[in-house]
Amino acid sequence: MADIRPFRAVRPREDKAALVAALPYDVYSRKEAADFVKSRPLSFLNIDRPETAFPPTQDMYAKEVYDHAAELYEAWKKEGVFIRDEESSYYIYELRMGERTQTGIAALSSVDDYLNGVCRKHENTVEAKEQDRIRHVDRLSAQTGPIFLSYHDDRRIDELVSEAKKESPLYDVISEDGISHRLWKISDAERVEKLRGYFSELSCTYIADGHHRAASAVKVALKRREEAKERGEETVGFHEYDGFLSVLFPDTELRIYDYNRVVSSLNGLSESEFLKRIGESFDIEKMGTARALETSEEQLSELMRPKEKYEIGLYIGGSIYKLRLRDELRGPIASDPRRRLDVSVLQELVLSPILSIEDPRTDKRISFVGGIRGLSELLRLVDDIDEEKKGADMGAAFAMYPTSMEELFAVADAGLLMPPKSTWFEPKLRSGFLIHEF
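Residues numbered from 1 in each chain as written. Predicted model: local features only at pLDDT ≥ 70, side-chain atom pairs only at ≥ 80, totals over all residues. Heavy atoms only, no water.

**Student:** Explain the packing of aromatic side chains residue by residue, including any values.
**Tutor:** Counted under the stated rule, the structure contains 15 aromatic pairs. When the ring of Tyr 28 is compared with that of Phe 36, the centres are 5.4 Å apart and the planes differ by 45 degrees; the resulting orientation is tilted. Here the two residues Tyr 28 and Phe 36 agree in accessibility, since each one is buried. For the ring pair Tyr 259 and Phe 368, a centre distance of 6.2 Å and an interplane angle of 80 degrees mean the geometry is edge-to-face. In this pair, Tyr 259 is assigned in strand S14 (residues 259-263) and Phe 368 in strand S18 (residues 366-370), connecting sequence segments 109 residues apart. (Phe/Tyr/Trp six-rings, centres within 6.5 Å; stacked < 30°, edge-to-face > 60°. Buried < 20%, exposed > 50% of the residue type's maximum accessible area, 1.4 Å probe, protein only. Helix = DSSP H or I, 4+ residues; strand = E, 2+ residues; numbered from the N terminus.)

**Student:** Please set out the sheet that holds strand S16 (residues 311-316) residue by residue, giving values where relevant.
**Tutor:** Ordered in space as S15-S17-S16-S19-S14-S18, the 6 strands form an open sheet in which the pairing is antiparallel. Only two strands of the sheet have a single neighbouring strand rather than two, namely strand S15 (282-289) and S18. Strand-to-strand twist in this sheet, taken as the mean axis angle between neighbours without regard to direction, amounts to 25 degrees. With 7 bridges joining them, S15 and strand S17 (residues 319-325) adopt antiparallel strand pairing. When the bridges of S17 are listed, Asp 283 appears paired with Arg 324. Sheet contacts for helix H10 (residues 271-278): S15, S16, S17 and strand S19 (396-399); angle to S16, the most-contacted strand, approximately 170 degrees. (Pairing = 2+ DSSP bridges. Axes fitted to C-alpha atoms, helices over the stretch in contact; angles between N-to-C directions. Contact = heavy atoms within 4.5 Å.)

**Student:** Explain helix H6 (residues 127-140) to me, using residue names and the numbers behind them.
**Tutor:** Taking 1.5 Å per residue, 14 residues should reach 20 Å; H6 reaches 20 Å between its end C-alpha atoms and fits that length. Looking at H6, one finds that the buried residues are Glu 130, Asp 132, Arg 133, Ile 134, His 136, Val 137, Asp 138 and Leu 140. Among the residues trailing H6, Ser 141 stands out with phi positive, at a value near 50 degrees. (Expected span 1.5 Å × (residues − 1).)

**Student:** Give a description of the environment of Gly 415 that names residues and reports values.
**Tutor:** Here Gly 415 shows up in the loop between helix H15 (405-413) and strand S20 (424-425). What makes Gly 415 exposed here is its relative accessible area of 61%. With 351 residues separating them along the chain, Gly 415 and Glu 64 place their C-alpha atoms 39 Å apart.

**Student:** Any details on the environment of Thr 403? Residues and values, ideally.
**Tutor:** Tracing the backbone through its elements, the reader meets Thr 403 in the loop between S19 and H15. In this structure Thr 403 comes out as buried when scored by relative accessible area, which is 5%. Considering only alpha carbons, one finds Thr 403 and Trp 424, 21 residues apart in sequence, at a separation of 8.9 Å. In contact with Thr 403, other than residues within four places in its own chain, are Ile 256, Leu 341, Leu 408, Met 418, Ser 422 and Thr 423. A distance of 3.0 Å separates a polar atom in the side chain of Thr 403 from the backbone oxygen of Ser 422. (Polar contact = N/O pair within 3.5 Å; in protein donor to acceptor, adjacent residues only side chain to side chain.)

**Student:** Can you tell me about empty space enclosed by the protein, naming the residues and giving the values?
**Tutor:** Following the criterion strictly, the structure yields 5 cavities of 30 Å³ or more and no others. If you go around the largest cavity, the residues you meet are Tyr 25, Asp 48, Arg 133, Val 137, Gln 143, Thr 144, Gly 145, Ile 147, Arg 213, Ala 217 and Ser 431. Counting residues per element, the ones that place at least two in the lining of the largest cavity are H6 and helix H9 (211-230). Taken together, the residues of the lining of the largest cavity break down into 4 nonpolar, 4 polar and 3 charged. (1 Å grid on protein atoms, 1.4 Å probe; cavity = no way out; pocket = protein on both sides within 12 Å on 5 of 7 lines; lining within 4 Å. Points joined across faces, edges and corners; volume = space filled by probe spheres on them. Nonpolar A, V, L, I, M, F, W, Y, C, P; charged D, E, K, R; others polar.)

Right, dumping it as structure tokens:
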């Protein structure tokens, strides 16, 4: 059963919330982060990416960088930018993007749930990426970026959340990208007890996004446990470091966007040879030649957008194609929750055997484009590659049908892992709204 606990959040003063809240640290490159904070002295990115306070040549993993993050965090608390709630609470976090709203509950998820598989994963993590957040969390003794979790919808939790949202929110903020963020607090003992009881009846939770943050928080917790043992302290029972900051959403409110692929080389093949190889596994339909079609980029990208599962859009050599996986190849993968993912189909039938891209996490010939950026971005990127190659080679883009929440849950339930970059979630949770100290 899931152990989801309330906590005493450190959070920005109401009049500072809009200035503090920031996108997750890992959506920025180092240069982008440095440019962003120049005109935003209270953005939490200053703490989440402390190397922005140093010259570009500074080792971003040096001790003094993390020391700076801790010093800045403590200074902001002393200045009153942050406050700490007196009582342990659950926090409701609503995000609205356009006409779509999703509402989650911020709480502490149990480290032991993560270790014993109650909190289920679907992605591998990379040790090098973990080390940065391990150092950051350990030095601040605080988790500053929430992990995005999901669970099978529970009507009782929905009703409790709906009732709490009738009250005035702690924050009502519109971020720079037009996303609405509203937060409420559930602190009265009766509702806290009810909510914790409802969560305890969940058989499991699922990491939707934030695998590296979760793994880092868990490793810091294990480090703290060992340090406590060495000091001869009691480690039985729950300590603050035994929970990690999460926002949990019912699966019915979430939408996964497509996560598309662009390759910068055809692995020595000509365009016709490449299409011939693809034709061994897919039926190919030419939708048109982009430069010959008198239509907008948006209309061009819609020609490329997959309309159903096992359909992939391809842009190559200025032309748009639809690839449909042949029926005889669908049966053998139908019962395998990992292999039947559209991103797995592309990897197994195109990227690996034709383009020799065996590990998309490390191969520099492939890049990934979140669906929120639109498919016209794929056309632009490929055209730029072709312009640079000038006939020596060429690029190609693949528009993917989005992974579903049901597919994500099925992979995690089976104890399997998805290919990298299988899911793209929007809108993004903001860092700095809620912090967990331990």
